[in-house]
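Coordinate inspection notes
These are the residues of each chain, in order.
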Amino acid sequence: MLDLLGGFIQELRAAGLPVSLTENLDAMEAVKHIPIEDRDAFKYALGATLVKNNAHWRAFETVFEVYFSLRGPEFAVDPDADGEQWGEMQPGQQQAGGPGGAMDQLTPEQLAEMLYRALMNADEAMMRALARQAVSRYAGMEPGRPVGGTYYLYRTLRNLDLDGMLEKLMESARQEVGGEMTALEERLERDEFETRINQLKQEIEAEIRRRLVADRGVEAMAKTLRKPLPEDVDFMHASRDEMAALRRALYPLTRKLAVRLARKRRHGRKGPLDFRNTVRHSLSYGGVPAEPKFRYPRPAKPEIMVVADISGSVAAFARFTLHLVYAISNQFSKVRAFVFIDGIDEVTRFFEGVEDITDAVHRVNTEADVVWVDGHSDYGHALEVFWERWGKEVGPKTTVILLGDARNNYHSAQSWVLKEMRHRARHVYWLNPEPRSYWDTGDSIIGEYGVHTDGVFECRNLRQLERFVENLA
């Protein structure tokens, strides 16, 4: 058990979860006080001691299901099976594991009927048994085959036709009430059946994962299933589910940053020595300056101008940065936003007086006037127009943040604008969502722009963006 827990902790760290030695010891101690045979209690005891962020729970669950999956011969993959019965368990093994042996003789129609009844009656035990049988019958699992669990899941769900099953369940619900249901009743029934079907999918996925662990080993499967945490997901390559996780992680991040920035400004470091005040207080020590006095700095809140490329390649990055900056806008004296592709438009008006910043960001993407000629990025023209229209408003209290990959489609760079901006502004920063190894390759001219800024930062994920914003104020 100690070796297993040690490997589990190492895999959590490899997945990005911050697990300290103290938390490791706390987890070991917690295990002593719960019944080890109660899998759920064991899982939540480890979760309570090792997981500190709700966004990390899914990664914890994945690693737990791999390291503490159900083991035994009933989950083995049969190398002698063929056709659609690849991976089907031997009758003796299924008898040992539960009701699977009797289900071997069922036709696909009978299996579908049993699944319909289990979903209709919310019979969780039968759903687990049917999930095991469906994987045996339809997944086509072979020992040692280098195929991911997603492929086996797709094969199983395709044969079960759960979309058709949902409509069949809805039709039965309508018949039970003796006619048409109201819109609310239909919505509630559909939500309930969708929840049960999702539960079945999770059972099927867990069954496939258990068999893959039995076939390939814990370490190999943990490495295969390892996914980045929401704060480490690359903005430019995030899937739809990962984007949803990013949006969920953004709100607690903005709260944490706002508190941290306010504390940083409140407890700033001491300023220069106040000579007059020190001499005056030294009189009580006989003229000895035993208690030096300092001038406490009163840092002004910076003005922020965000100039963001919202062309297709970096649109997601621009959305999240605008969302983050406006969510903590009370830490700055003023925030103004400009977006561009080959034309440029000020979009500050979309954020004024709105409660949901997501709606404002959506309006930016749909209503901003950012196309000048062909809708392909032209940094030179956009910067030139920005300087002509709003350059006079850049002052010694202004921090300008430029967002984009600096891929200019071989147009004129107009880097003199950044040079003039740097002379007039307090700071000029450039945030690039591309990996540093891609900079200045192809049509990227980030190096030409970077020499006229206070720094060019790689910002590919929330963690890097958080680190930059924390040092901004």
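Residues numbered from 1 in each chain as written. Predicted model: local features only at pLDDT ≥ 70, side-chain atom pairs only at ≥ 80, totals over all residues. Heavy atoms only, no water.

1. Notes on the overall build of the chain
- Within the chain one finds 21 helices and 6 strands.
- Buried positions account for 48% of the 473 residues belonging to the chain.
- When contacts within the chain are restricted to residue pairs at least 6 apart in sequence, long-range pairs at least 24 apart make up 72% of them.
- A total accessible area of about 25,100 Å² is found for the chain, and carbon and sulfur atoms account for 50% of it. (Helix = DSSP H or I, 4+ residues; strand = E, 2+ residues; numbered from the N terminus. Buried < 20%, exposed > 50% of the residue type's maximum accessible area, 1.4 Å probe, protein only. Contact = heavy atoms within 4.5 Å. Areas by Shrake-Rupley, 256 points an atom, 1.4 Å probe, with all protein chains shown as cover.)

2. Observations concerning the packing of helix H1 (residues 2–14) against helix H2 (residues 21–31)
- At a minimum axis distance of 11 Å, the contact between H1 and H2 shows a crossing angle of 140°. The orientation of H1 relative to H2 falls into the category oblique. Between H1 and H2 lies a crossing of right-handed hand. Listed contacts from H2 to Leu2, Leu5, Ile9 and Arg13 of H1 are Leu21, Asn24 and Met28.
- Per-class residue counts for the contact of H1 with H2 are 5 nonpolar, 1 polar and 1 charged. (Axes fitted to C-alpha atoms, helices over the stretch in contact; angles between N-to-C directions. Parallel < 35°, antiparallel > 145°, perpendicular 65-115°, else oblique. Left-handed = near helix turned anticlockwise from the far one by under 90°. Nonpolar A, V, L, I, M, F, W, Y, C, P; charged D, E, K, R; others polar.)

3. Re the pattern of salt bridges
- A full pass over the atoms with the stated rule returns 22 salt bridges.
- Of the charged contacts in the structure, one is a salt bridge between Glu113 and Arg117, with a shortest N-O distance of 3.3 Å. Here Glu113 pairs with Arg117, and both are found in helix H7 (residues 108–121), just 4 residues apart, close to one helical turn.
- The class for Arg117 is exposed, based on a relative accessible area of 51%.
- Arg363 serves as the salt-bridge partner of Glu367, at 3.2 Å between the closest nitrogen and oxygen. Taken together, the residues Glu367 and Arg363, both in helix H17 (residues 357–367) and 4 residues apart, mark about one turn of the helix. (Salt bridge = Lys/Arg side-chain N within 4 Å of Asp/Glu carboxyl O.)

4. Regarding a positive patch on the surface
- Positive charge collects at one region of the surface, where Arg58, Lys227, Arg247 and Arg248 lie side by side.
- Exposure remark for Arg248: the relative accessible area of 57% places this residue in the exposed category. (Patch = residues over 30% accessible without salt bridge, like charges linked within 9 Å, V, L, I, M, F, W, Y side chains within 5 Å. Lys, Arg positive; Asp, Glu negative; His and termini not counted. Charge placed at Lys NZ, Arg CZ, Asp CG, Glu CD.)

5. Quick word on the environment of Trp439
- Mapping Trp439 onto the fold places it in the loop between strand S5 (427–432) and helix H20 (446–450).
- With near-sequence residues (within four places) excluded, Trp439 lies in contact with Asn432, Glu434, Ser444, Ile446, Val456, Phe457 and Glu458.
- Of the polar contacts made by the side chain of Trp439, one reaches the backbone oxygen of Glu434; its length is 3.1 Å. (Polar contact = N/O pair within 3.5 Å; in protein donor to acceptor, adjacent residues only side chain to side chain.)

6. Section: the sheet that holds strand S6 (residues 455–458)
- An order of S3-S2-S1-S4-S5-S6 is seen for the 6 strands of this open sheet, with the pairing classed as mixed. Two strands bound the open sheet, and with one partner strand each, they are strand S3 (344–346) and S6. The average undirected angle you get between the axes of adjacent strands in this sheet is 20°.
- Of the strands in this sheet, strand S4 (398–403) and S5 touch helix H19 (residues 416–424), which is tilted by about 135° from S5.
- Contacting S4, S5 and S6, helix H21 (residues 462–470) crosses the sheet at an angle of about 175° to S5. (Pairing = 2+ DSSP bridges.)

7. Some thoughts on the nonpolar core
- Ranked by internal contacts, the top residues of the largest apolar core, which has 44 residues, are Val339, Val347, Phe351, Leu431, Leu462 and Leu465.
- Top contributing element to this core by residue count: helix H15 (residues 315–327), with 8 residues.
- Non-local contacts of Phe351, meaning those with residues more than four positions away in its chain, are made with Leu322, Tyr326, Ala337, Ile357, Ala360, Val361 and Val364.
- With 31 residues, the next largest nonpolar core counts Ala118, Leu119, Met127 and Tyr138 among its residues. (Core = buried A, V, L, I, M, F, W, Y, C linked by side-chain atoms within 4.5 Å.)

8. Looking at the pairing of strand S1 (residues 303–309)
- For S1, the tally of buried residues reaches 6 of 7 residues, placing the bulk of the element in the interior.
- As defined by bridge partners, S1 adjoins strand S2 (residues 334–340) across 7 bridges and the pair is classed as parallel. Counterpart to Val307 in the pairing with S2 is Phe338.
- In terms of strand pairing, S1 meets S4 through 6 bridges, oriented parallel. Paired with Glu303 across the two strands is Thr398, which belongs to S4.

9. Brief notes about the packing of aromatic side chains
- The final tally for this structure, using the stated rule, is 19 aromatic pairs.
- Here the aromatic rings of Phe42 and Phe64 are separated by 6.0 Å at their centres, their planes lie at 45°, and the arrangement is tilted. Taken together, the residues span a long stretch of sequence, with Phe42 in helix H3 (residues 39–50) and Phe64 in helix H4 (residues 57–67) at a distance of 22 residues. This pair shows no difference in class: Phe42 is buried, exactly as Phe64 is. (Phe/Tyr/Trp six-rings, centres within 6.5 Å; stacked < 30°, edge-to-face > 60°.)

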